[in-house]
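# Observations on the model geometry
The chain contents come next:
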Amino acid sequence: MSHDSIRAGLSRRRVLRATGAFAQPKKKITLAWSQASYCHSPIPVAFERGIFEQNGLQVETLNWAGAADQLLEALATNKADVGVGLIHRWLKPLEAGFDVKVVGSVHGGCLRLVGLKSAGITSIEQLRGKAIGVSDLNSPAKNFFDIHLYKNGIKNVEYRVYPADLLDVAVKKGEIQAIADGDPNVYLIEKRNPGVFAEIGDSGTGEYAQKICCVLAASGKLVREDRATAAAVVRSLAQAAQFTADNPNEAARLYAKYTPKITEAELRSLIHTTNYAHHPAGQNLRAEVEYFAQDFRKAGILKTSTDPKRFAEVVTTDVLA
(Lines give C-alpha, C1' and ligand atoms only; values in the text may rest on other atoms or scores of the structure.)
Protein backbone atom coordinates (compact mmCIF):
# COMPACT_ATOMS: atom_id res chain seq x y z
CA MET A 1 0.00 0.00 0.00
CA SER A 2 1.35 3.46 -0.89
CA HIS A 3 2.06 6.16 1.66
CA ASP A 4 -0.70 8.26 0.03
CA SER A 5 -3.23 5.43 0.56
CA ILE A 6 -2.20 5.07 4.21
CA ARG A 7 -2.54 8.82 4.77
CA ALA A 8 -5.95 8.79 3.06
CA GLY A 9 -7.11 5.93 5.29
CA LEU A 10 -5.92 7.70 8.45
CA SER A 11 -7.60 10.92 7.33
CA ARG A 12 -10.92 9.12 6.76
CA ARG A 13 -10.72 7.48 10.21
CA ARG A 14 -10.04 10.88 11.83
CA VAL A 15 -13.05 12.38 10.07
CA LEU A 16 -15.24 9.48 11.15
CA ARG A 17 -14.05 9.77 14.76
CA ALA A 18 -14.64 13.54 14.76
CA THR A 19 -18.08 13.12 13.17
CA GLY A 20 -18.97 10.51 15.76
CA ALA A 21 -17.90 12.83 18.58
CA PHE A 22 -20.07 15.68 17.27
CA ALA A 23 -23.00 13.31 16.69
CA GLN A 24 -23.00 12.06 20.25
CA PRO A 25 -26.21 13.26 21.97
CA LYS A 26 -25.74 15.97 24.57
CA LYS A 27 -26.99 15.35 28.09
CA LYS A 28 -30.02 17.55 28.79
CA ILE A 29 -30.11 19.33 32.14
CA THR A 30 -31.95 22.24 33.71
CA LEU A 31 -29.90 24.91 35.46
CA ALA A 32 -31.54 27.37 37.86
CA TRP A 33 -29.89 30.76 38.25
CA SER A 34 -30.68 34.43 38.81
CA GLN A 35 -30.31 36.27 35.53
CA ALA A 36 -30.27 39.59 37.39
CA SER A 37 -27.19 38.60 39.42
CA TYR A 38 -24.11 39.96 37.64
CA CYS A 39 -21.90 37.63 39.70
CA HIS A 40 -23.37 34.72 37.72
CA SER A 41 -21.57 36.06 34.62
CA PRO A 42 -19.83 32.71 33.97
CA ILE A 43 -23.21 31.18 33.07
CA PRO A 44 -23.84 33.45 30.05
CA VAL A 45 -20.15 33.06 29.18
CA ALA A 46 -20.60 29.28 29.13
CA PHE A 47 -23.59 29.64 26.81
CA GLU A 48 -22.16 32.25 24.49
CA ARG A 49 -18.79 30.52 24.09
CA GLY A 50 -20.24 27.02 23.71
CA ILE A 51 -18.55 25.73 26.85
CA PHE A 52 -21.55 23.66 27.94
CA GLU A 53 -21.70 21.99 24.52
CA GLN A 54 -17.96 21.33 24.56
CA ASN A 55 -18.52 19.39 27.77
CA GLY A 56 -21.35 17.34 26.28
CA LEU A 57 -24.27 19.27 27.78
CA GLN A 58 -27.51 20.69 26.45
CA VAL A 59 -28.56 23.18 29.12
CA GLU A 60 -31.96 24.73 29.65
CA THR A 61 -32.20 27.53 32.19
CA LEU A 62 -34.71 28.38 34.85
CA ASN A 63 -34.46 32.07 35.77
CA TRP A 64 -35.02 31.81 39.52
CA ALA A 65 -36.67 34.72 41.32
CA GLY A 66 -37.89 32.89 44.43
CA ALA A 67 -36.30 32.32 47.82
CA ALA A 68 -33.10 30.30 48.21
CA ASP A 69 -34.70 27.51 50.20
CA GLN A 70 -37.28 27.18 47.42
CA LEU A 71 -34.45 26.77 44.91
CA LEU A 72 -32.96 24.03 47.07
CA GLU A 73 -36.40 22.44 47.22
CA ALA A 74 -36.61 22.61 43.41
CA LEU A 75 -33.30 20.74 43.23
CA ALA A 76 -34.35 18.22 45.88
CA THR A 77 -37.60 17.49 44.00
CA ASN A 78 -35.87 17.35 40.59
CA LYS A 79 -37.58 20.41 39.10
CA ALA A 80 -34.04 21.53 38.31
CA ASP A 81 -30.86 19.47 38.06
CA VAL A 82 -28.33 22.08 39.13
CA GLY A 83 -28.48 25.61 40.53
CA VAL A 84 -26.21 28.48 41.50
CA GLY A 85 -26.56 30.53 44.68
CA LEU A 86 -24.71 32.10 47.58
CA ILE A 87 -23.19 29.78 50.15
CA HIS A 88 -24.10 32.28 52.89
CA ARG A 89 -27.80 31.81 52.17
CA TRP A 90 -27.72 28.08 51.53
CA LEU A 91 -25.92 26.79 54.62
CA LYS A 92 -28.86 27.18 56.98
CA PRO A 93 -31.44 25.52 54.69
CA LEU A 94 -28.95 22.74 53.89
CA GLU A 95 -28.72 22.07 57.62
CA ALA A 96 -32.39 21.03 57.40
CA GLY A 97 -31.45 18.06 55.22
CA PHE A 98 -32.39 18.83 51.60
CA ASP A 99 -31.41 16.09 49.16
CA VAL A 100 -28.96 18.48 47.49
CA LYS A 101 -25.16 18.43 47.20
CA VAL A 102 -22.75 21.34 46.79
CA VAL A 103 -20.49 20.20 43.94
CA GLY A 104 -18.68 23.27 42.64
CA SER A 105 -18.26 27.03 42.87
CA VAL A 106 -18.27 30.07 40.63
CA HIS A 107 -16.44 32.92 42.36
CA GLY A 108 -15.50 34.62 45.61
CA GLY A 109 -16.71 37.88 47.10
CA CYS A 110 -19.77 39.98 46.13
CA LEU A 111 -21.30 41.06 49.48
CA ARG A 112 -20.69 44.46 51.03
CA LEU A 113 -21.53 46.43 54.15
CA VAL A 114 -21.57 50.24 53.86
CA GLY A 115 -22.14 52.85 56.56
CA LEU A 116 -23.60 56.33 56.41
CA LYS A 117 -20.70 58.78 56.74
CA SER A 118 -22.87 61.58 58.12
CA ALA A 119 -23.92 59.26 60.97
CA GLY A 120 -20.26 58.58 61.75
CA ILE A 121 -20.39 54.95 60.56
CA THR A 122 -17.00 54.40 58.96
CA SER A 123 -15.96 51.19 60.76
CA ILE A 124 -17.72 48.08 61.97
CA GLU A 125 -17.13 49.02 65.62
CA GLN A 126 -19.32 52.12 65.14
CA LEU A 127 -22.37 49.96 64.39
CA ARG A 128 -23.12 49.42 68.07
CA GLY A 129 -26.68 50.50 68.76
CA LYS A 130 -27.33 51.24 65.08
CA ALA A 131 -29.77 49.84 62.52
CA ILE A 132 -28.63 47.95 59.41
CA GLY A 133 -30.91 47.64 56.39
CA VAL A 134 -31.15 44.23 54.70
CA SER A 135 -33.35 42.77 51.99
CA ASP A 136 -34.51 39.92 54.25
CA LEU A 137 -33.53 38.33 57.55
CA ASN A 138 -31.93 35.32 55.86
CA SER A 139 -30.14 37.35 53.21
CA PRO A 140 -26.58 36.30 52.36
CA ALA A 141 -25.24 39.68 53.45
CA LYS A 142 -27.07 39.56 56.80
CA ASN A 143 -25.74 36.07 57.50
CA PHE A 144 -22.21 36.91 56.37
CA PHE A 145 -21.89 40.15 58.32
CA ASP A 146 -23.35 38.52 61.42
CA ILE A 147 -19.99 36.72 61.49
CA HIS A 148 -18.13 40.05 61.50
CA LEU A 149 -20.34 41.46 64.24
CA TYR A 150 -19.77 38.34 66.34
CA LYS A 151 -16.00 38.41 65.86
CA ASN A 152 -15.93 42.09 66.88
CA GLY A 153 -18.11 41.51 69.93
CA ILE A 154 -20.96 43.66 68.60
CA LYS A 155 -24.37 42.39 69.70
CA ASN A 156 -26.72 45.35 70.04
CA VAL A 157 -27.39 45.88 66.32
CA GLU A 158 -30.88 46.01 64.87
CA TYR A 159 -31.71 44.66 61.41
CA ARG A 160 -34.55 46.25 59.44
CA VAL A 161 -35.96 44.78 56.23
CA TYR A 162 -36.64 46.81 53.07
CA PRO A 163 -36.90 46.04 49.36
CA ALA A 164 -33.33 45.94 48.07
CA ASP A 165 -33.72 48.90 45.72
CA LEU A 166 -35.19 51.07 48.50
CA LEU A 167 -32.43 50.59 51.05
CA ASP A 168 -30.91 54.00 50.26
CA VAL A 169 -34.37 55.58 50.66
CA ALA A 170 -34.51 54.14 54.18
CA VAL A 171 -31.10 55.71 54.86
CA LYS A 172 -32.34 59.11 53.70
CA LYS A 173 -35.35 58.79 55.99
CA GLY A 174 -33.03 58.15 58.92
CA GLU A 175 -34.47 54.69 59.55
CA ILE A 176 -31.13 52.88 59.09
CA GLN A 177 -27.48 53.92 59.29
CA ALA A 178 -25.90 51.11 57.25
CA ILE A 179 -26.71 48.74 54.39
CA ALA A 180 -25.71 45.09 54.06
CA ASP A 181 -26.41 43.66 50.63
CA GLY A 182 -24.76 42.29 47.52
CA ASP A 183 -23.63 43.86 44.32
CA PRO A 184 -24.88 45.10 41.93
CA ASN A 185 -27.38 46.66 44.37
CA VAL A 186 -24.80 48.28 46.70
CA TYR A 187 -22.79 49.43 43.67
CA LEU A 188 -25.86 51.09 42.17
CA ILE A 189 -26.84 52.64 45.52
CA GLU A 190 -23.38 54.18 45.86
CA LYS A 191 -23.57 55.41 42.29
CA ARG A 192 -26.90 57.14 43.03
CA ASN A 193 -25.46 58.62 46.23
CA PRO A 194 -21.83 59.57 45.55
CA GLY A 195 -19.72 60.20 48.65
CA VAL A 196 -22.52 59.29 51.07
CA PHE A 197 -21.31 55.83 52.16
CA ALA A 198 -18.13 54.33 53.58
CA GLU A 199 -17.35 50.67 52.97
CA ILE A 200 -16.91 48.85 56.28
CA GLY A 201 -17.12 45.22 55.19
CA ASP A 202 -16.54 43.13 52.07
CA SER A 203 -16.79 39.37 51.54
CA GLY A 204 -13.93 39.52 49.05
CA THR A 205 -11.23 40.94 51.33
CA GLY A 206 -9.32 40.02 54.48
CA GLU A 207 -9.61 36.45 55.71
CA TYR A 208 -12.36 35.81 53.13
CA ALA A 209 -10.41 37.10 50.12
CA GLN A 210 -9.85 33.54 48.92
CA LYS A 211 -13.15 32.03 50.02
CA ILE A 212 -16.19 30.95 48.02
CA CYS A 213 -19.26 33.10 47.51
CA CYS A 214 -21.60 31.68 44.83
CA VAL A 215 -21.58 27.90 44.62
CA LEU A 216 -23.03 25.22 42.36
CA ALA A 217 -25.42 22.67 43.83
CA ALA A 218 -26.86 19.55 42.22
CA SER A 219 -29.85 17.40 43.03
CA GLY A 220 -29.03 14.31 45.04
CA LYS A 221 -30.61 12.25 42.27
CA LEU A 222 -28.24 13.67 39.62
CA VAL A 223 -25.20 13.05 41.81
CA ARG A 224 -26.22 9.46 42.56
CA GLU A 225 -27.43 8.46 39.09
CA ASP A 226 -25.36 10.55 36.67
CA ARG A 227 -22.19 11.72 38.36
CA ALA A 228 -20.50 12.26 34.98
CA THR A 229 -23.08 14.88 33.99
CA ALA A 230 -22.74 16.66 37.33
CA ALA A 231 -18.97 16.68 36.77
CA ALA A 232 -19.45 18.14 33.29
CA VAL A 233 -21.41 21.05 34.77
CA VAL A 234 -18.69 21.66 37.38
CA ARG A 235 -16.01 21.67 34.68
CA SER A 236 -18.07 23.94 32.41
CA LEU A 237 -18.60 26.61 35.05
CA ALA A 238 -15.01 26.40 36.27
CA GLN A 239 -13.82 26.99 32.69
CA ALA A 240 -16.30 29.84 32.22
CA ALA A 241 -15.32 31.41 35.56
CA GLN A 242 -11.65 31.31 34.63
CA PHE A 243 -12.42 32.86 31.25
CA THR A 244 -14.31 35.61 33.09
CA ALA A 245 -11.32 36.19 35.37
CA ASP A 246 -8.94 36.35 32.41
CA ASN A 247 -11.23 38.35 30.10
CA PRO A 248 -13.47 40.55 32.30
CA ASN A 249 -14.33 43.04 29.56
CA GLU A 250 -15.37 40.32 27.12
CA ALA A 251 -17.40 38.62 29.86
CA ALA A 252 -19.20 41.91 30.49
CA ARG A 253 -19.99 42.21 26.79
CA LEU A 254 -21.38 38.67 26.67
CA TYR A 255 -23.47 39.17 29.81
CA ALA A 256 -24.85 42.60 28.89
CA LYS A 257 -27.71 41.19 26.80
CA TYR A 258 -28.93 39.15 29.78
CA THR A 259 -29.29 42.07 32.19
CA PRO A 260 -30.68 45.24 30.57
CA LYS A 261 -30.87 47.09 33.91
CA ILE A 262 -27.07 47.27 34.14
CA THR A 263 -24.93 48.76 31.42
CA GLU A 264 -21.92 47.03 29.92
CA ALA A 265 -19.66 49.67 31.49
CA GLU A 266 -21.18 49.00 34.92
CA LEU A 267 -20.75 45.27 34.39
CA ARG A 268 -17.08 45.78 33.57
CA SER A 269 -16.59 47.65 36.83
CA LEU A 270 -18.38 44.95 38.84
CA ILE A 271 -16.67 41.98 37.21
CA HIS A 272 -13.25 43.55 37.78
CA THR A 273 -13.96 43.61 41.54
CA THR A 274 -15.10 39.97 41.81
CA ASN A 275 -12.75 37.03 42.29
CA TYR A 276 -13.67 34.71 39.41
CA ALA A 277 -10.27 33.05 39.60
CA HIS A 278 -11.43 31.40 42.83
CA HIS A 279 -13.70 28.46 42.01
CA PRO A 280 -12.64 25.42 44.05
CA ALA A 281 -14.14 21.95 43.80
CA GLY A 282 -13.52 18.65 45.57
CA GLN A 283 -11.62 18.68 48.86
CA ASN A 284 -10.81 22.40 48.61
CA LEU A 285 -14.52 23.20 48.28
CA ARG A 286 -15.37 20.95 51.21
CA ALA A 287 -12.75 22.66 53.37
CA GLU A 288 -14.24 26.08 52.62
CA VAL A 289 -17.78 24.90 53.36
CA GLU A 290 -16.48 23.62 56.71
CA TYR A 291 -14.79 26.98 57.34
CA PHE A 292 -18.05 28.85 56.82
CA ALA A 293 -20.00 26.29 58.85
CA GLN A 294 -17.66 26.90 61.78
CA ASP A 295 -18.20 30.66 61.54
CA PHE A 296 -21.94 30.32 61.09
CA ARG A 297 -22.22 28.08 64.14
CA LYS A 298 -20.22 30.54 66.26
CA ALA A 299 -22.46 33.41 65.09
CA GLY A 300 -25.59 31.43 66.00
CA ILE A 301 -26.81 30.91 62.44
CA LEU A 302 -26.26 27.14 62.50
CA LYS A 303 -27.23 25.02 65.49
CA THR A 304 -24.64 24.60 68.22
CA SER A 305 -25.14 20.85 67.84
CA THR A 306 -24.02 20.95 64.19
CA ASP A 307 -20.52 19.52 63.66
CA PRO A 308 -18.97 21.70 60.90
CA LYS A 309 -16.67 18.93 59.62
CA ARG A 310 -19.46 16.36 59.44
CA PHE A 311 -21.82 18.96 57.96
CA ALA A 312 -19.36 19.76 55.15
CA GLU A 313 -18.86 16.05 54.45
CA VAL A 314 -22.61 15.55 54.15
CA VAL A 315 -23.52 18.58 52.01
CA THR A 316 -20.60 18.48 49.56
CA THR A 317 -19.64 15.84 47.00
CA ASP A 318 -16.51 15.61 44.87
CA VAL A 319 -18.03 14.63 41.52
CA LEU A 320 -14.68 15.07 39.78
CA ALA A 321 -13.01 12.29 41.80
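Residues numbered from 1 in each chain as written. Predicted model: local features only at pLDDT ≥ 70, side-chain atom pairs only at ≥ 80, totals over all residues. Heavy atoms only, no water.

Named according to an unreviewed UniProt entry, the protein is Putative thiamine biosynthesis protein originating from Paracidovorax wautersii.

### Description of the nonpolar core
Soluble globular proteins tend to bury their nonpolar side chains together. Convention followed: In this text, buried Ala, Val, Leu, Ile, Met, Phe, Trp, Tyr and Cys residues form a nonpolar core when linked through side-chain atoms within 4.5 Å. For every residue, the accessible area (1.4 Å probe, protein chains only) is compared with the maximum for its type, and the residue is labelled buried under 20%, exposed over 50%, or partly exposed between those bounds. Counting from the N terminus, the helices are the DSSP runs of H or I reaching at least four residues and the strands are the DSSP runs of E reaching at least two. The split into domains, and so the bounds of each, comes from an automatic or database assignment of domains. Note on contacts: a residue pair qualifies if any of its non-hydrogen atoms lie within 4.5 Å across the two residues.
With 87 residues, the main nonpolar core has Y38, L113, L127, I132 and V289 as its most contacted residues. Per-element accounting of this core gives the leading share, 8 residues, to helix α10 (residues 227–246). Residue contributions to this core reach at least three from each of two domains, namely domain 1 (27–109 + 212–315) and domain 2 (111–202). The contacts of I132, once residues within four sequence positions are left out, are L113, L127, L149, V157, E158, Y159, R160, I176, A178, I179 and A180.

### Points about the domain arrangement of the protein
Bring the parts together and some accessible area is lost; that lost area is often taken as the interface size. This is how the line gets drawn: Here the buried area means the combined drop in accessible surface, using a 1.4 Å probe, for two parts upon being joined, counting both sides. The salt bridge definition used is simple: a Lys or Arg side-chain nitrogen within 4 Å of an Asp or Glu carboxyl oxygen. Pairs of N or O atoms within 3.5 Å make up the polar contacts considered here, provided that, within protein, one atom can donate a hydrogen while the other can accept it, and that residues adjacent in sequence are counted only when both atoms are side-chain atoms. The residue classification treats Ala, Val, Leu, Ile, Met, Phe, Trp, Tyr, Cys and Pro as nonpolar and Asp, Glu, Lys and Arg as charged. All others, Gly included, are polar.
Segmenting the protein into domains produces domain 1 (27–109 + 212–315) and domain 2 (111–202). Each of domain 1 and domain 2 has a C-alpha centre, and the two are 25 Å apart. Taken together, the 16 residues of domain 1 in the interface contact 16 residues of domain 2. Overall, the association of domain 1 and domain 2 removes approximately 1500 Å² of surface from exposure, summing both partners, and the carbon and sulfur fraction of that is 65%. Together, H88, R89 and E266 form the three largest contributors to the area buried by domain 1 at its contact with domain 2, with a combined 32%. Linking domain 1 with domain 2 are 3 salt bridges. In this structure, K191 engages E266 in a salt bridge whose closest nitrogen and oxygen atoms are separated by 2.7 Å. Seen at the junction of domain 1 and domain 2, the total is 4 residue pairs in polar contact (both at pLDDT 80 or more). Those elements giving two or more residues to the side of domain 1 that touches domain 2 turn out to be α5 (87–95), α12 (264–272) and α13 (282–298). Each residue belonging to the side of domain 1 that touches domain 2 can be placed in one class, and the counts come to 9 nonpolar, 3 polar and 4 charged.

### Things to note about the environment of P44
Summarising the element assignment, P44 is placed in helix α2 (residues 42–48). Owing to a relative accessible area of 0%, P44 belongs among the buried residues under this scheme. For P44 and K257, which are 213 residues apart along the polypeptide, the C-alpha to C-alpha distance reads 9.2 Å. Excluding residues within four positions of it along the chain, P44 makes contact with W33, L254, Y255 and Y258.

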